[in-house]
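The chain contents come next:
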Amino acid sequence: MKKIALITGISGQDGSYLAEFLLEKGYEVWGTLKRNSVSENQTYRIPEHIFKRLNLEYADMLDMSSLIRVLNLSNPDEIYNLAAQSHVRISFDQPIYTTETIAMGTLRLLESMRVCCPEARFYQASSSEMFGNKIDDDGFQRESTPMSPVSPYGCAKVYGYNLVRNYRNAYGMFLSNGILFNHESPRRGTNFVTNKVVKEAVKIKLGLSSKLTLGNMDASRDWGHSKDYVEAMWLILQHDKPDDFVCSTGVSHTVKDLVEYVFKKLDLKWEDYVEIDQKYYRPEELKNLKGDYSKAKAALDWNHKYTFETMLDEMIEYSMDELK
(Lines give C-alpha, C1' and ligand atoms only; values in the text may rest on other atoms or scores of the structure.)
Protein backbone atom coordinates (compact mmCIF):
# COMPACT_ATOMS: atom_id res chain seq x y z
CA MET A 1 0.00 0.00 0.00
CA LYS A 2 1.27 3.47 -0.90
CA LYS A 3 2.33 5.81 1.85
CA ILE A 4 0.42 9.10 1.89
CA ALA A 5 2.19 12.42 2.45
CA LEU A 6 0.68 15.86 2.98
CA ILE A 7 2.81 18.91 2.22
CA THR A 8 1.66 22.32 3.43
CA GLY A 9 3.07 25.00 1.16
CA ILE A 10 3.55 22.56 -1.71
CA SER A 11 3.79 25.38 -4.25
CA GLY A 12 6.95 26.81 -2.69
CA GLN A 13 10.53 26.01 -3.64
CA ASP A 14 10.93 23.17 -1.12
CA GLY A 15 7.37 21.93 -1.51
CA SER A 16 7.72 21.44 -5.26
CA TYR A 17 11.03 19.57 -4.96
CA LEU A 18 9.71 17.47 -2.07
CA ALA A 19 6.62 16.53 -4.08
CA GLU A 20 8.83 15.32 -6.93
CA PHE A 21 11.04 13.39 -4.52
CA LEU A 22 8.13 11.66 -2.76
CA LEU A 23 6.40 10.72 -6.03
CA GLU A 24 9.64 9.06 -7.13
CA LYS A 25 9.54 7.11 -3.85
CA GLY A 26 6.07 5.85 -4.70
CA TYR A 27 4.05 8.07 -2.34
CA GLU A 28 0.55 9.40 -2.85
CA VAL A 29 1.14 13.14 -2.45
CA TRP A 30 -1.31 15.75 -1.20
CA GLY A 31 -0.57 19.44 -0.93
CA THR A 32 -2.16 22.62 0.38
CA LEU A 33 -2.43 25.78 -1.68
CA LYS A 34 -3.07 29.26 -0.34
CA ARG A 35 -5.65 30.81 -2.61
CA ASN A 36 -4.37 33.54 -4.89
CA SER A 37 -6.53 35.73 -7.11
CA VAL A 38 -4.25 34.84 -10.05
CA SER A 39 -4.55 31.08 -10.10
CA GLU A 40 -1.41 30.60 -12.22
CA ASN A 41 0.67 32.06 -9.39
CA GLN A 42 -0.53 29.33 -7.04
CA THR A 43 1.22 26.49 -8.84
CA TYR A 44 3.81 27.96 -11.21
CA ARG A 45 6.72 26.28 -9.39
CA ILE A 46 5.15 22.83 -9.57
CA PRO A 47 6.60 21.04 -12.64
CA GLU A 48 4.12 20.10 -15.36
CA HIS A 49 5.17 16.44 -15.40
CA ILE A 50 3.97 15.90 -11.81
CA PHE A 51 1.04 18.32 -11.64
CA LYS A 52 -1.69 15.82 -12.52
CA ARG A 53 -0.29 13.26 -10.07
CA LEU A 54 -0.83 15.56 -7.08
CA ASN A 55 -3.92 15.97 -4.91
CA LEU A 56 -4.11 19.74 -4.34
CA GLU A 57 -6.51 21.36 -1.89
CA TYR A 58 -7.01 24.90 -0.66
CA ALA A 59 -6.06 25.47 2.96
CA ASP A 60 -4.57 28.28 5.01
CA MET A 61 -2.41 28.27 8.14
CA LEU A 62 -4.72 30.98 9.53
CA ASP A 63 -7.81 28.78 9.15
CA MET A 64 -7.81 25.70 11.38
CA SER A 65 -11.02 24.35 9.87
CA SER A 66 -9.38 24.17 6.46
CA LEU A 67 -6.43 22.24 7.95
CA ILE A 68 -8.77 19.74 9.63
CA ARG A 69 -10.62 19.32 6.35
CA VAL A 70 -7.44 18.48 4.40
CA LEU A 71 -6.16 16.11 7.10
CA ASN A 72 -9.46 14.22 7.05
CA LEU A 73 -9.45 14.07 3.25
CA SER A 74 -5.87 12.86 2.92
CA ASN A 75 -5.43 10.74 6.09
CA PRO A 76 -1.64 11.12 5.78
CA ASP A 77 1.13 8.88 7.09
CA GLU A 78 3.55 11.81 6.93
CA ILE A 79 3.01 15.57 7.20
CA TYR A 80 5.59 18.10 6.04
CA ASN A 81 4.86 21.60 7.34
CA LEU A 82 6.55 23.96 4.87
CA ALA A 83 3.93 26.73 4.70
CA ALA A 84 5.09 30.13 5.90
CA GLN A 85 5.69 33.78 5.14
CA SER A 86 9.27 32.85 4.41
CA HIS A 87 11.08 36.11 3.66
CA VAL A 88 13.11 37.35 6.63
CA ARG A 89 13.37 40.99 5.54
CA ILE A 90 9.63 41.18 4.85
CA SER A 91 8.93 39.80 8.33
CA PHE A 92 9.96 43.23 9.67
CA ASP A 93 7.29 44.82 7.46
CA GLN A 94 4.65 42.17 8.27
CA PRO A 95 5.54 40.90 11.75
CA ILE A 96 2.01 39.99 12.83
CA TYR A 97 1.15 38.11 9.63
CA THR A 98 4.52 36.33 9.72
CA THR A 99 3.95 35.26 13.32
CA GLU A 100 0.39 34.16 12.63
CA THR A 101 1.35 31.95 9.67
CA ILE A 102 4.47 30.43 11.23
CA ALA A 103 3.93 30.33 15.01
CA MET A 104 0.16 30.11 15.38
CA GLY A 105 -0.13 28.27 12.06
CA THR A 106 2.12 25.51 13.41
CA LEU A 107 0.00 25.34 16.56
CA ARG A 108 -3.21 25.06 14.52
CA LEU A 109 -1.71 22.27 12.42
CA LEU A 110 -0.39 20.35 15.44
CA GLU A 111 -3.75 20.58 17.19
CA SER A 112 -5.54 19.50 14.00
CA MET A 113 -3.16 16.56 13.68
CA ARG A 114 -3.62 15.58 17.33
CA VAL A 115 -7.36 15.36 16.74
CA CYS A 116 -7.41 13.84 13.24
CA CYS A 117 -4.29 11.71 12.78
CA PRO A 118 -2.08 11.54 15.89
CA GLU A 119 -0.22 8.47 14.56
CA ALA A 120 1.16 10.33 11.53
CA ARG A 121 4.78 11.48 11.42
CA PHE A 122 5.31 15.24 11.32
CA TYR A 123 8.17 17.32 9.93
CA GLN A 124 8.53 20.97 10.96
CA ALA A 125 10.51 23.34 8.75
CA SER A 126 12.64 25.04 11.38
CA SER A 127 15.35 27.50 10.41
CA SER A 128 18.94 28.55 11.04
CA GLU A 129 17.49 32.04 11.57
CA MET A 130 16.49 30.82 15.05
CA PHE A 131 20.12 31.04 16.18
CA GLY A 132 20.50 34.72 15.39
CA ASN A 133 24.07 35.84 16.10
CA LYS A 134 24.75 33.08 18.64
CA ILE A 135 27.72 31.01 17.44
CA ASP A 136 29.64 28.26 19.22
CA ASP A 137 33.33 28.79 19.95
CA ASP A 138 34.39 26.79 16.88
CA GLY A 139 32.41 29.08 14.54
CA PHE A 140 29.51 26.68 13.93
CA GLN A 141 25.86 26.46 14.92
CA ARG A 142 24.39 23.10 15.86
CA GLU A 143 21.41 21.56 17.66
CA SER A 144 22.78 22.63 21.07
CA THR A 145 23.61 26.24 20.11
CA PRO A 146 21.49 28.78 22.07
CA MET A 147 18.71 30.41 20.06
CA SER A 148 18.53 34.19 20.03
CA PRO A 149 16.72 35.25 16.83
CA VAL A 150 17.09 38.73 15.37
CA SER A 151 13.94 38.96 13.22
CA PRO A 152 10.19 38.38 13.61
CA TYR A 153 10.63 35.43 11.24
CA GLY A 154 13.30 33.87 13.48
CA CYS A 155 11.23 34.49 16.61
CA ALA A 156 8.18 32.82 15.05
CA LYS A 157 10.28 29.84 13.97
CA VAL A 158 11.59 29.39 17.54
CA TYR A 159 7.99 29.29 18.80
CA GLY A 160 7.08 26.64 16.23
CA TYR A 161 10.23 24.66 17.01
CA ASN A 162 9.43 24.62 20.73
CA LEU A 163 5.78 23.69 20.10
CA VAL A 164 6.94 20.62 18.17
CA ARG A 165 9.20 19.58 21.05
CA ASN A 166 6.42 20.23 23.58
CA TYR A 167 3.79 18.23 21.69
CA ARG A 168 6.30 15.42 21.14
CA ASN A 169 6.97 15.13 24.86
CA ALA A 170 3.44 15.82 26.06
CA TYR A 171 1.53 13.53 23.69
CA GLY A 172 4.14 11.00 22.54
CA MET A 173 3.68 11.96 18.89
CA PHE A 174 6.30 11.51 16.15
CA LEU A 175 7.21 15.16 15.62
CA SER A 176 10.62 16.26 14.32
CA ASN A 177 12.35 19.54 13.51
CA GLY A 178 14.67 20.06 10.58
CA ILE A 179 16.85 23.09 11.34
CA LEU A 180 17.67 23.95 7.76
CA PHE A 181 20.27 26.50 6.80
CA ASN A 182 19.84 28.60 3.65
CA HIS A 183 19.03 26.55 0.58
CA GLU A 184 18.41 27.78 -2.93
CA SER A 185 17.60 26.61 -6.47
CA PRO A 186 16.32 27.88 -9.82
CA ARG A 187 12.85 27.81 -8.21
CA ARG A 188 13.81 30.31 -5.51
CA GLY A 189 11.82 33.57 -5.55
CA THR A 190 13.61 36.55 -7.09
CA ASN A 191 13.20 38.60 -3.90
CA PHE A 192 15.72 36.26 -2.23
CA VAL A 193 19.29 37.42 -2.65
CA THR A 194 20.67 34.37 -4.48
CA ASN A 195 18.17 34.38 -7.32
CA LYS A 196 18.05 38.15 -7.32
CA VAL A 197 21.79 38.27 -7.99
CA VAL A 198 21.69 35.47 -10.57
CA LYS A 199 18.73 36.76 -12.56
CA GLU A 200 19.85 40.39 -12.59
CA ALA A 201 23.41 39.43 -13.57
CA VAL A 202 22.07 37.31 -16.45
CA LYS A 203 19.84 40.22 -17.53
CA ILE A 204 22.90 42.49 -17.51
CA LYS A 205 24.81 39.95 -19.59
CA LEU A 206 21.95 39.83 -22.12
CA GLY A 207 21.60 43.62 -22.24
CA LEU A 208 18.25 43.59 -20.48
CA SER A 209 19.39 45.48 -17.38
CA SER A 210 22.18 47.80 -16.29
CA LYS A 211 22.42 47.53 -12.51
CA LEU A 212 21.89 45.32 -9.46
CA THR A 213 20.85 46.90 -6.15
CA LEU A 214 21.70 45.08 -2.92
CA GLY A 215 21.88 45.59 0.84
CA ASN A 216 24.50 44.18 3.22
CA MET A 217 27.16 42.40 1.16
CA ASP A 218 29.12 41.32 4.24
CA ALA A 219 26.36 39.00 5.52
CA SER A 220 27.64 35.43 5.50
CA ARG A 221 25.45 32.38 4.94
CA ASP A 222 25.72 28.60 4.66
CA TRP A 223 24.07 27.99 1.28
CA GLY A 224 22.96 24.58 0.00
CA HIS A 225 20.57 23.27 -2.66
CA SER A 226 16.89 22.65 -1.99
CA LYS A 227 17.07 19.22 -3.67
CA ASP A 228 19.56 18.01 -1.07
CA TYR A 229 17.53 19.42 1.78
CA VAL A 230 14.19 17.86 0.84
CA GLU A 231 15.92 14.47 0.94
CA ALA A 232 16.99 15.33 4.49
CA MET A 233 13.37 16.11 5.38
CA TRP A 234 12.31 12.67 4.22
CA LEU A 235 15.17 10.92 6.03
CA ILE A 236 14.23 12.70 9.27
CA LEU A 237 10.78 11.09 9.13
CA GLN A 238 12.24 7.65 8.31
CA HIS A 239 14.41 7.74 11.44
CA ASP A 240 13.51 5.28 14.19
CA LYS A 241 12.59 8.06 16.62
CA PRO A 242 11.52 11.71 16.42
CA ASP A 243 14.36 14.18 16.87
CA ASP A 244 15.81 17.53 15.79
CA PHE A 245 18.51 17.83 13.12
CA VAL A 246 20.63 20.60 11.63
CA CYS A 247 20.94 20.35 7.84
CA SER A 248 23.68 22.48 6.28
CA THR A 249 26.85 22.30 4.17
CA GLY A 250 29.30 23.40 6.87
CA VAL A 251 30.69 26.10 4.56
CA SER A 252 29.70 29.76 4.57
CA HIS A 253 30.08 32.51 1.97
CA THR A 254 29.33 36.23 2.02
CA VAL A 255 26.90 37.94 -0.30
CA LYS A 256 29.98 39.54 -1.86
CA ASP A 257 31.37 36.05 -2.57
CA LEU A 258 28.07 35.21 -4.23
CA VAL A 259 28.15 38.34 -6.40
CA GLU A 260 31.78 37.85 -7.38
CA TYR A 261 31.24 34.23 -8.42
CA VAL A 262 28.11 34.89 -10.51
CA PHE A 263 29.49 37.94 -12.33
CA LYS A 264 32.84 36.26 -12.99
CA LYS A 265 31.01 33.22 -14.41
CA LEU A 266 29.29 35.59 -16.84
CA ASP A 267 32.56 37.43 -17.70
CA LEU A 268 31.34 40.64 -16.06
CA LYS A 269 33.04 42.98 -13.60
CA TRP A 270 30.58 43.24 -10.72
CA GLU A 271 31.87 46.64 -9.50
CA ASP A 272 30.54 48.22 -12.70
CA TYR A 273 26.95 47.21 -11.98
CA VAL A 274 26.29 46.75 -8.25
CA GLU A 275 24.82 49.49 -6.08
CA ILE A 276 24.06 49.47 -2.34
CA ASP A 277 20.73 50.71 -0.96
CA GLN A 278 20.11 50.97 2.79
CA LYS A 279 16.46 49.97 2.35
CA TYR A 280 17.61 46.37 1.83
CA TYR A 281 19.35 46.25 5.21
CA ARG A 282 17.53 44.58 8.10
CA PRO A 283 16.74 46.64 11.23
CA GLU A 284 18.83 44.09 13.15
CA GLU A 285 21.42 42.32 11.03
CA LEU A 286 22.29 38.63 11.16
CA LYS A 287 26.02 38.46 10.49
CA ASN A 288 27.02 34.85 10.01
CA LEU A 289 25.43 31.42 9.71
CA LYS A 290 27.40 28.19 9.38
CA GLY A 291 25.94 24.83 10.36
CA ASP A 292 27.39 21.63 11.78
CA TYR A 293 25.39 18.78 10.21
CA SER A 294 27.42 15.96 11.79
CA LYS A 295 24.40 14.63 13.72
CA ALA A 296 22.32 14.26 10.53
CA LYS A 297 25.28 12.68 8.75
CA ALA A 298 25.82 10.11 11.51
CA ALA A 299 22.18 9.29 12.34
CA LEU A 300 20.54 9.64 8.91
CA ASP A 301 23.49 9.02 6.58
CA TRP A 302 22.66 12.36 4.95
CA ASN A 303 25.13 14.48 3.04
CA HIS A 304 24.77 17.26 0.50
CA LYS A 305 25.59 16.54 -3.14
CA TYR A 306 25.69 20.16 -4.36
CA THR A 307 28.39 22.70 -3.54
CA PHE A 308 27.94 26.46 -3.41
CA GLU A 309 29.46 26.66 -6.89
CA THR A 310 27.48 23.85 -8.57
CA MET A 311 24.26 25.24 -7.10
CA LEU A 312 24.98 28.67 -8.61
CA ASP A 313 26.05 27.13 -11.91
CA GLU A 314 22.65 25.44 -12.19
CA MET A 315 20.83 28.65 -11.31
CA ILE A 316 22.82 30.67 -13.87
CA GLU A 317 22.19 28.10 -16.61
CA TYR A 318 18.46 28.00 -15.82
CA SER A 319 18.13 31.80 -15.87
CA MET A 320 20.13 32.09 -19.08
CA ASP A 321 17.85 29.56 -20.83
CA GLU A 322 14.73 31.22 -19.40
CA LEU A 323 15.66 34.79 -20.34
CA LYS A 324 17.02 33.95 -23.77
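Here the residue numbers are simple positions, counted from 1 along each chain's written sequence. Totals for whole chains, interfaces and linings use every residue, but because this is a predicted model, local features are given only for residues with pLDDT of at least 70 and side-chain atom pairs only at 80 or more, for both listing and counting. Only hydrogens and water are set aside; all other atoms, that is, all heavy atoms of the structure, feed into the side-chain values.

1. Quick notes on the overall build of the protein
Each helix corresponds to a stretch of at least 4 residues labelled H or I by DSSP, and each strand to a stretch of at least 2 residues labelled E; elements are numbered beginning at the N terminus. Within the protein, the secondary structure is distributed over 12 helices and 13 strands. What the globule rule says is 2.2 Å times the number of residues to the power 0.38, and the radius of gyration is computed from C-alpha atoms. Its C-alpha atoms give the protein a radius of gyration of 19 Å, near enough to 20 Å, the size a compact globule of 324 residues would have. Each of the three principal axes of the protein carries a C-alpha extent, and together these read 60 × 45 × 40 Å. Relative accessibility under 20% of the residue-type maximum defines a buried residue, over 50% an exposed one, and the middle range a partly exposed one, all with a 1.4 Å probe and only protein chains included. Looking at the protein as a whole, 55% of its 324 residues are labelled buried. For the protein, restricting intrachain contacts to residue pairs at least 6 apart in sequence, the fraction spanning at least 24 positions comes to 79%. When the accessible surface of the protein is summed, it comes to about 14400 Å², and 47% of that surface belongs to carbon and sulfur atoms. By the counting rule applied here, Lys and Arg register as positive and Asp and Glu as negative, while His and the ends of each chain are not counted. To locate a charge, take NZ of a lysine, CZ of an arginine, CG of an aspartate or CD of a glutamate. For the protein, the separation between the mean place of its 40 positive charges and that of its 46 negative charges on side chains is 1 Å. When checking whether two residues touch, look at their non-hydrogen atoms; a contact exists if any pair is within 4.5 Å. Areas reported here follow the Shrake-Rupley algorithm with a probe of radius 1.4 Å; residue values treat only the protein chains shown as occluding.

2. Quick word on the packing of aromatic side chains
Centres within 6.5 Å make a pair out of two Phe, Tyr or Trp rings, where for Trp the six-membered ring is used; the pair is then stacked when the planes are under 30 degrees apart, edge-to-face when over 60, and tilted otherwise. Considering all chains together, one arrives at nine aromatic pairs under this definition. Ring geometry for Y229 and W302: centres 5.6 Å apart, planes at 85 degrees, overall edge-to-face. Here Y229, found in helix α9 (residues 226–238), pairs with W302, found in the loop between α11 (294–300) and α12 (308–323); they are 73 residues apart in sequence, far enough to count as distant. By relative accessible area, which is 1% here, W302 ends up buried. Summarising the aromatic geometry, the rings of Y261 and F308 are spaced 6.5 Å apart at their centres and angled 55 degrees between planes, so their arrangement reads as tilted. With Y261 in helix α10 (residues 255–265) and F308 in helix α12, this residue pair connects regions lying 47 residues apart in the sequence. In this structure Y261 comes out as partly exposed when scored by relative accessible area, which is 22%. The class for F308 is buried, based on a relative accessible area of 7%.

3. Overview of the side chain of E78
Inspection of the secondary structure puts E78 in strand β4 (residues 78–81). Excluding residues within four positions of it along the chain, E78 makes contact with K3, I4, A5, L6, Y27, R121, W234, L237 and Q238.

4. Observations regarding the state of the cysteines
As used here, a disulfide is simply a covalent bond connecting the sulfur atoms of two cysteines. Throughout, a disulfide means two cysteine sulfur atoms within 2.5 Å of one another. The tally for this structure, following the rule as stated, stands at zero disulfides. Just so you know, C117 is unpaired, no disulfide at all, and the nearest cysteine sulfur is the one on C116, 5.9 Å from it.

5. What about the sheet that holds strand β1 (residues 4–8)?
Taken together, the seven strands give an open sheet; going across it, the order is β3-β2-β1-β4-β5-β6-β11, and neighbouring strands pair in parallel fashion. What marks the edges here is a single partner per strand, and that holds for β3 (55–58) and β11 (244–247). With direction set aside, neighbouring strand axes in the sheet form an average angle of 20 degrees. As defined by bridge partners, strand β5 (residues 121–127) adjoins strand β6 (residues 174–180) across seven bridges and the pair is classed as parallel. Counted as the bridge partner of R121 is F174 from β6. At least two DSSP bridges between two strands are required for those strands to pair. Helix axes are fitted to C-alpha atoms over the stretch in contact, other axes to C-alpha atoms as well, and angles between N-to-C directions run from 0 to 180 degrees.

6. Thoughts on helix α4 (residues 64–74)
Within α4, burial applies to S66, L67, V70, L71 and S74. Along the long axis of α4, the arc covered by the buried residues comes to 135 degrees, so they all point the same way. As for α4, its buried residues are in contact with β1, β2 (28–33), β3, β4 and α6 (95–116). Where α4 terminates, the next one or two residues include N75, which has phi positive at roughly 45 degrees. Along the arc lie the directions from the helix axis toward the C-beta atoms.

7. Details of unusual backbone geometry
Peptide bonds are trans in most cases, and residues, glycine excluded, mostly fall at negative phi. If you check the backbone angles, D267 has positive phi at about 60 degrees while not being a glycine. Inspection of the secondary structure puts D267 in the loop between α10 and β13 (274–276). Residue D267 is classed as exposed on the basis of its relative accessible area, which comes to 66%. Positive phi values are uncommon outside glycine, yet D301 reaches one of about 60 degrees. By secondary structure assignment, the location of D301 is in the loop between α11 and α12. Using a relative accessible area of 70% as the deciding quantity, one classes D301 as exposed.

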